[in-house]
Amino acid sequence: MKHLIICGTGAFARELYWHAQDSVGYAYEYDIKGFLDGSVPLPEEEYRKLPLPVLGNYRDYKPDGDDVFTCAVGSPRGRKEFIETVEGNGGKFINIIHTTAIVQGSARLGKGVILCPYTSVNADATVGNYVLVNYMSTLGHDVRVGDYSAIMGHVDLCGFVKVGSGTFIGSGARVLPSGTVGDNAFVGAGSVVLKNVNANTKVFGNPAKLTV
């Protein structure tokens, strides 16, 4: 039996604690051991909401032989820092796939992926390493999502969409068929991307436009 440690202590870490208990492998491949704290301490009342103990800070924690990890950090940059540090200390990340998620047979998932409840990864889609796909989001056929990207809730990536690495796509956003979102881009909540978003830019609105 492996012991899952959730990287992060914020609100999504509490959500992921419950998602993991309804995910593939829980109770026979892994149980949940606790949480790792991040760089910024939380108010004490937030720590009291956590259902299991904080085992230490991610920079200092030395994994036991049966420890495995998942990352409950929404910011792509923060996720990358957290994951690379834990892996550098010997940690191994596993996929957390909720039992209500749909992953079609020709879809491909990297390592350290999180698929929250009612997500859908459709035919010939490819999800990179350490990608977060939040509640009720859909990745259409032939979609490509790069490493460390965060797809928030109720997002629709239509067929043949390409999302670069380290991108953030806010809740309720939609990228229309064959659109491209470049590396490290930010798509604001509720935005509709008609065609392309350049790397390292931030867009918002319907249709999505550059913001300062």
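Structure report, in brief.

The rules behind the values
Residues numbered from 1 in each chain as written. Predicted model: local features only at pLDDT ≥ 70, side-chain atom pairs only at ≥ 80, totals over all residues. Heavy atoms only, no water. Helix = DSSP H or I, 4+ residues; strand = E, 2+ residues; numbered from the N terminus. Polar contact = N/O pair within 3.5 Å; in protein donor to acceptor, adjacent residues only side chain to side chain. Contact = heavy atoms within 4.5 Å. Pairing = 2+ DSSP bridges. Buried < 20%, exposed > 50% of the residue type's maximum accessible area, 1.4 Å probe, protein only. Salt bridge = Lys/Arg side-chain N within 4 Å of Asp/Glu carboxyl O.

**A closer look at the side chain of Thr-167**
Move 1: Structurally, Thr-167 is set in the loop between strand E16 (162-163) and strand E17 (168-169).
Move 2: Here the side chain of Thr-167 touches Gly-164 through a polar contact of 3.4 Å, landing on its backbone oxygen.
Move 3: Setting aside anything within four residues of it in sequence, one finds Thr-167 in contact with Pro-76, Ser-149, Ala-150, Val-181, Gly-182, Asp-183, Asn-184 and Ala-185.

**Quick look at the sheet that holds strand E7 (residues 108-109)**
Working definition: the strands of a sheet are paired by backbone hydrogen bonds and lie parallel or antiparallel to each other.
Move 1: Read from one edge to the other, the open sheet built from six strands follows the order E7-E10-E13-E16-E19-E22, with strand pairing classed as parallel. Since the sheet does not close on itself, it has two edges, and those belong to E7 and strand E22 (196-197), each with one partner.
Move 2: Here strand E10 (residues 126-127) pairs with strand E13 (residues 144-145) via two bridges, running parallel. Bridge pairing in E13 links Thr-126 to Arg-144.

**Description of helix H1 (residues 11-21)**
Along an α-helix, residues three or four positions apart point the same way, because every turn accommodates 3.6 residues.
Move 1: Buried residues of H1: Phe-12, Ala-13, Leu-16, Tyr-17, His-19 and Ala-20, and no others.
Move 2: Here the buried face of H1 lies against strand E1 (2-7), strand E2 (30-37), strand E4 (67-71), strand E5 (96-97), strand E8 (114-115) and strand E11 (132-133).

**Topic: the pattern of salt bridges**
Move 1: In the structure shown here, the tally under the stated rule is eight salt bridges.
Move 2: Ionic pairing is found between Glu-87 and Lys-111, a salt bridge with its closest N-O pair at 3.8 Å. Of this pair, Glu-87 sits in helix H3 (residues 76-88) while Lys-111 sits in the loop between E7 and E8, placing them 24 residues apart in sequence.
Move 3: Residue Glu-87 is classed as partly exposed on the basis of its relative accessible area, which comes to 28%.
Move 4: Classification of Lys-111 as partly exposed rests on a relative accessible area of 43%.
Move 5: Because the salt bridges share partners, they merge into one network encompassing Arg-14, Glu-46 and Lys-49.

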